[in-house]
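Here is how the chains run, residue by residue.
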Amino acid sequence: MTREKKLKVTIDSRELEVRPNTTILQAARESDVYIPSLCTLEHLPSYGACRLCIVEVDGLRGYPTSCTTPIEEGMVIRTDTTELRSLRQEILKLLLSEHPASCLFCEEHDECKEFQGTIRKVGVTTGCRYCPNDARCELQEITEKVGLTETSYPVYYRGFSVEKYDPFYDRDYNLCILCGRCVRVCNSVRLNGTLSFKQRGKLTTIGPAFDRTHLEAGCEFCGACVSVCPTGALSAKVSKWYGKPDTQVTTTCVYCPVGCRLELQVKNNEVIDVLPNYDSPIDRGLICVKGRFAIPEYVLSPERLGTPSRLTPVGYEVISWDQAIDEAAKRLRGTKPEDKLVMVSPQLSNEDLFVAQQFTREVLGSDAVISSMMIDLGDDLVPFLELVTSSSTFDTIEDARGVLAVGFDSTYGYSPVGIRIKKAGREGALLVTLGACDSNLDMLSETAFQMEPPQWAEFLGSLVDYLARGGKGKVKIRKEWTSDIERISRIFSDSSTNILVIGQEAIFSSGRREIFEKARTLRDKLGWKIIVAHPYTNLLGMLAMGAFPGAKPGEFLKNGDAVTVDLPVIDLAKRKKVVYLIGEGRFDTIPDCDYLIYQNGLPPVASRQPDLILPASLFTESSGTTTNGEGRVLKIEKATEPFMDAKPDWWIFNRIAEKLNKGKLKYKDVAAVQAAIKKQVKGFYGGRKPVEFARINAERATKWLRGAPKQEGQSSGAGNNPSYRGIPLARVVAGMKAIDEWVNTSLLSDKEAQ
Amino acid sequence: MPEPIRTILAKHSREPDELIPVLQDVQKEYGYISAESVRGISKYLRISENTIYGVSSFYAQFRFTEPGRHSVKVCLGTACHVRGGATLLEMLERGLGIHCGETTEDKRFGLDRVACLGCCALSPVVQIDKEIYSRVTVNKLTEQLKEYE
């Protein structure tokens, strides 16, 4: 890297050395000189709308905006003169002439923050809380810094009704100052284009086309607009009246395998809001609706299980942890290994999964630690795992010249992957989508093929055959596809890097086996990269930790040899004595049993009542790590104390083990579990590089599953219906339910239209 | 996608810069920009429907409602305003049951306001299709409208 030559400039009579190729505003901020601005946003090009960042520069006429003026050698800049100050105050007054300003200009302003002691105000005890943004408002801050204490203009109230009908966030455009940040972030960062300026002049408003609701207009509810709004115009429903959070905790989202880094906003031992982390290299702050809005409502759900309880003929009886552990131990003791089944969720942490498998193997003497993920995939499990363990990193999309997305939609999940694909498409890569209905990538794609899922495999097969023969020889292709396939394969074969993205709809389609095989051919014969966008958060951690039948910890990691997965036959139709569920809430995949132990955060979605309920803490309440879809090991930080008496999963295993068989599991804390993992799984916590997995021998796929419930194409649990620990988010999060209903009705009307 | 839209789009390249020429052609063909047209344009130019709406609502030349068989334009220039143009507009809005800029349900009339028709001496003025009516009163206008089917 060549070192950039620094430029010498003078800002406010200070001689400074600044980076070249920046604007005056950037240079000033980097040198800790404050210039007010309402429209600039990091990561976005300058806009020059609010005019507050004006400065004086020797030799330049007038007052240029510092955010649009490039810095030059020898510039003499003044940022804070009497003239500038009065100009800025005037500009701000004009800006505020359409913004209710009673929180900004008030005789009681200074005392109000401290005491809220006046009787002249509405709500003595609550203070002037008519705006959700009070005390964390950028406009308040700037008014103070610019030194504006009163306004000479009347405030014009635009009189819009507050828009509350969409999920997750409310919009009060009476507070909007039209800075355009939300429009820019929606269009240029999220590449979504839901928000737009409408009309012009004094009639200008912000919103989607034709007075559509945000749901109808294709909003992803990523909340990026809410985060950047400098006023209270956009506010999250759940957290708007909480005010300023006490602390912020950086953690990893466990709702899907992308592994977005999140900033949990904590107040009074509760997670009140979640913000993206723009510095995260994995997701770049491009989190989806689930991470942004679906966490507080889930972890603070009124349905949370708080105390251990046991089923009696007259209902549930609350018992102590000691009694609960005794009860569990009593049931597990003495039963034969084949009569017991342990089911774990792939959304547990690496540490919990490690202890779960150790518990099953060493304490229960069984190898039957399975997951409903395995049952979802049935006999296609091994080819699926083979692709998942060799999945490419998300960054590879950035260099791709061709992307083919099959059954993939990133509207309400997998946004960091979806946006990378859209970006590649916008920057000129060939983007082709294959789906059953409109996807959010279609807008930027070269061609969007629509056909029923059973035809996807055939289409993909034709494309693969065509590409493999380089256009030579005869390839059998359906007539209606011939010209399209010829056209796109020409571009794909000219491109240096191609990526196939397999989405959830493809994973749960009836032709998935063939799609997996075609993907393998593309990867092995034609050098394509593959990304499998599956819903099983810590699937790779599950494999690495050996929470998988027939595989001890570390066996799946790269040691040179290919791994042959030998799955023991599991018969779900056979009645078990005890089934122990950890983080599994779906009962359609579990066999009948005499005794059911249910360890989770929320009650199950089923008619079968568990015999013993053990309340578990959720990912915001315990520490650990999770492995994302690329194989990166990411930290989960504890942000709050567990709900009531809930305990971490590893702690519960420990206690039961202690009762059953003294001395086998003796972990004091998560660090002790991690030390044990370090010993058994070499190089797992190795650092920033993704964990590498051994190649799985996909040719030898055995029929291992018997008596599985019938699945009709789509999975009932994890498919398009996101869940955490087996509980669909739509069940506990109101906004997710609204989205779910909307998706279903629009799918129905699409079908009717056809 | 209806055939005329397809033909219009085929005349343009798939660059975003083509948006305004495309919108102009669509308006010329249909007389207005429908939600369906916006959808077609969005897919072809790879610009979101909302952005297209944003751009086209900025310009006064584009409209989003289907024009009626007859266009009624009420002049609200200074002279016409002084001599009762606003009353005429209000009467029309009430009589036809629509707001300015909209079209009646039977598509018979579309109602608009204009700033000046350039014949202030004849004020107040109303234009129906190509005909200019001068010194209009409410009664005169009610009779006049009956002649248009």
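Residues numbered from 1 in each chain as written. Chains lettered and ligands numbered in written order. Predicted model: local features only at pLDDT ≥ 70, side-chain atom pairs only at ≥ 80, totals over all residues. Heavy atoms only, no water.

1. Quick notes on the interface of chain B and chain A
Chain B puts 20 residues into the contact, and the matching count from chain A is 19 residues. Summed over both partners, the interface of chain B with chain A comes to about 1,600 Å²; 48% of that surface belongs to carbon and sulfur atoms. Summed over the three residues of chain B that lose the most area to chain A, namely Arg46(B), Asn50(B) and Tyr53(B), the buried surface amounts to 40% of that side. Where chain B touches chain A, the interface holds three salt bridges. Across the salt bridge formed by Lys43(B) and Asp438(A), the nearest N and O atoms sit 3.9 Å from each other. Linking chain B to chain A there are 11 residue pairs in polar contact (both at pLDDT 80 or more). Of all the elements in the fold, those that place two or more residues in the side of chain B that touches chain A are α3 (35-45) and α4 (49-58) of chain B. By residue number, the principal contributor to the side of chain B that touches chain A is α4(B), which donates seven residues. Of the residues that constitute the side of chain B that touches chain A, the class distribution is eight nonpolar, seven polar and five charged. (Contact = heavy atoms within 4.5 Å. Buried area = accessible area lost by both parts, 1.4 Å probe. Salt bridge = Lys/Arg side-chain N within 4 Å of Asp/Glu carboxyl O. Polar contact = N/O pair within 3.5 Å; in protein donor to acceptor, adjacent residues only side chain to side chain. Helix = DSSP H or I, 4+ residues; strand = E, 2+ residues; numbered from the N terminus. Nonpolar A, V, L, I, M, F, W, Y, C, P; charged D, E, K, R; others polar.)

2. Quick look at the domain arrangement of chain B
Each assigned domain of chain B is listed here: domain 1 (3-58) and domain 2 (70-146). Spacing between the C-alpha centres of domain 1 of chain B and domain 2 of chain B amounts to 31 Å. (Domains from an automatic or database assignment.)

3. Some remarks on the sheet that holds strand β3 (residues 126-128) of chain B
Strand pairing in a sheet is mediated by backbone hydrogen bonds. Such pairs are either parallel or antiparallel. Residue and element names in this part refer to chain B. Taken together, the four strands give an open sheet; going across it, the order is β2-β1-β3-β4, and neighbouring strands pair in mixed fashion. Two strands close off the open sheet at either side, each with one partner strand: β2 (109-114) and β4 (131-133). Pairs of neighbouring strands in the sheet enclose a mean axial angle of 20°, with direction left out of account. As paired strands, β3 and β4 are joined by three bridges and run antiparallel to one another. For Val126, the partnering residue across the bridge sits in β4 and is Tyr133. Seen against the sheet, helix α6 (residues 85-96) touches β1 (70-75), β2 and β3 and runs at an angle of roughly 145° to β1. With respect to the sheet, helix α7 (residues 138-146) is in contact with β1, β2, β3 and β4, its orientation differing from that of β3 by roughly 5°. (Pairing = 2+ DSSP bridges. Axes fitted to C-alpha atoms, helices over the stretch in contact; angles between N-to-C directions.)

4. Description of the pattern of salt bridges
Should the charged atoms of two oppositely charged side chains come close, the side chains can pair. Evaluation of the coordinates by the stated rule reveals 51 salt bridges over all chains. Note that Arg212(A) is salt-bridged to Glu49(B), the shortest N-O span being 2.9 Å. With Arg212(A) in the loop between β7 (205-207) and α6 (224-228) and Glu49(B) in helix α4, the pair connects residues from two separate chains. Between Asp367(A) and Arg361(A) there is a salt bridge, and its shortest N-O distance comes to 2.8 Å.

5. A short note on the side chain of Gln599(A)
Residues and elements named next belong to chain A. Checked against the element boundaries, Gln599 lands in strand β23 (residues 593-600). A distance of 2.4 Å separates a polar atom in the side chain of Gln599 from a polar atom in the side chain of Tyr580. Discounting residues that sit within four places of it in the chain, Gln599 has contacts with Tyr580, Leu581, Ile582, Gly583, Leu614, Ala616, Asp649, Ile652, Phe653 and Arg725.

6. Digging into the packing of aromatic side chains
All chains considered together, the criterion is met by 26 aromatic pairs over all chains. Aromatic pair Trp321(A) and Trp651(A): ring centres 5.4 Å apart, planes at 80°, arrangement edge-to-face. Taken together, the residues Trp321(A) in helix α8 (residues 321-332) and Trp651(A) in helix α19 (residues 649-660) connect sequence positions 330 residues apart. Grouped by ring-pair contacts, the aromatic residues Phe168(A), Tyr169(A), Phe221(A) and Phe293(A) constitute a single cluster. For the cation-ring pair, Arg200(A) lies above Phe58(B), with the distance from its terminal atom to the ring centre recorded as 5.6 Å. Above the face of the Trp651(A) ring, Lys647(A) is positioned so that its terminal group lies 5.0 Å from the ring centre. (Phe/Tyr/Trp six-rings, centres within 6.5 Å; stacked < 30°, edge-to-face > 60°. Lys NZ or Arg CZ within 6 Å of the ring centre and 35° of its normal.)

7. With respect to the domain arrangement of chain A
By a widespread convention, an interface's size corresponds to the accessible area lost as its parts come together. When the domains of chain A are assigned, the result is domain 1 (7-115), domain 2 (138-299), domain 3 (309-374 + 539-707) and domain 4 (385-537). Look at where the C-alpha atoms of domain 1 of chain A and domain 3 of chain A centre, and you get two points 56 Å apart.

8. Comments concerning unusual backbone geometry
Ser123(B) connects to Pro124(B) through a cis peptide bond whose omega is -5°. Counting through the fold element by element, Pro124(B) comes out in the loop between β2 and β3. The backbone of Asp12(A) sits at a positive phi, close to 50°, despite the residue not being glycine. Examined against the element boundaries, Asp12(A) turns out to sit in the loop between β1 (7-11) and β2 (14-18). For Asp12(A), a relative accessible area of 29% puts it in the partly exposed group. Phi angles above zero are rare outside glycine, and Tyr414(A) is one such case at about 55°. Of the residues examined, Tyr414(A) reaches a relative accessible area of 6% and is grouped as buried. (Buried < 20%, exposed > 50% of the residue type's maximum accessible area, 1.4 Å probe, protein only.)

9. Examining the confidence of the model for chain A
Regions with low pLDDT should not have their predicted coordinates read in detail. All names here are of chain A. Residue-level pLDDT values for chain A average 89, and 94% of them are 70 or greater. With pLDDT under 50 throughout, residues 118-127 is counted as low confidence; its partners more than four residues away or in other chains account for 15 contacts. Segment residues 712-719: pLDDT under 50, and 21 contacts once partners within four positions in sequence are set aside and those in other chains are kept. (pLDDT = per-residue confidence, 0-100.)

10. Here's the deal with the confidence of the model for chain B
Predicted confidence across chain B gives a mean pLDDT of 91, with 99% of residues reaching 70 or more. Per-residue pLDDT, averaged within each element of chain B, yields its smallest value for helix α1 (residues 3-10) of chain B (88) and its largest for α4(B) (95).

11. Observations concerning helix α15 (residues 479-494) of chain A
The periodicity of an α-helix, 3.6 residues per turn, causes residues three or four places apart in sequence to face the same way. Residue and element names in this part refer to chain A. Counted at 1.5 Å a residue, the expected span for α15 with its 16 residues is 22 Å, and the 24 Å between its end C-alpha atoms agrees. At Ile485, α15 shows its largest bend, some 25°. All buried positions along α15 are accounted for by Trp481, Ile485, Ile488, Ser489 and Phe492. In the core, the buried residues of α15 are packed alongside β16 (402-406), β17 (430-435), β18 (447-450), α14 (453-468) and β19 (498-502). (Expected span 1.5 Å × (residues − 1). Bend = angle between axes of the 7 residues up to and from the residue.)

12. Section: α1(B)
All names here are of chain B. When we look at burial in α1, the residues that qualify are Ile5, Ile8 and Leu9. In a view along the axis of α1, the buried residues occupy a sector of 95°, so they form one face of it. Of the residues in α1, the exposed ones pointing more than 90 degrees away from the buried face are Glu3 and Ala10. Residues of α1 that are buried in the fold lie against α2 (19-30) and α3. (Arc of directions from axis to C-beta.)

13. Overview of the sheet that holds β2(A)
Residues and elements named next belong to chain A. With mixed pairing, four strands are arranged side by side in an open sheet as β2-β1-β4-β3. Two strands in the sheet have a free side with no partner beyond their single neighbour: β2 and β3 (56-57). The sheet contact formed by β1 and strand β4 (residues 76-78) spans two bridges and is parallel. Within the sheet, the bridge partner assigned to Thr10 lies in β4 and is Val76.

14. A word on the pairing of strand β26 (residues 633-636) of chain A
Within a regular strand, side chains alternate between the sheet's two faces. Residue and element names in this part refer to chain A. Residues Leu634 and Ile636 point to one face of β26 and are all buried, whereas Val633 and Lys635, pointing to the other face, are not buried. Here strand β25 (residues 624-627) pairs with β26 via four bridges, running antiparallel. Paired with Gly624 across the two strands is Ile636, which belongs to β26. Linkage of β25 to β26, two consecutive antiparallel strands, is achieved through a turn of five residues, within which Gly631 is found at a positive phi near 95°.

15. Points about the packing of α1(B) against α2(B)
Residues and elements named next belong to chain B. The contact between α1 and α2 brings their axes to 10 Å, and the two run at 145°. Here α1 and α2 pass one another in a crossing that is right-handed. Where α1 abuts α2, its residues Pro4, Ile5, Ile8 and Leu9 lie against Val22, Asp25, Val26, Glu29 and Tyr30. (Left-handed = near helix turned anticlockwise from the far one by under 90°.)

16. Observations concerning the environment of Thr78(B)
Residue position: Thr78(B) is located in helix α5 (residues 78-82). Linking Thr78(B) and Ser37(B), residues 41 residues apart in sequence, is a C-alpha distance of 37 Å.

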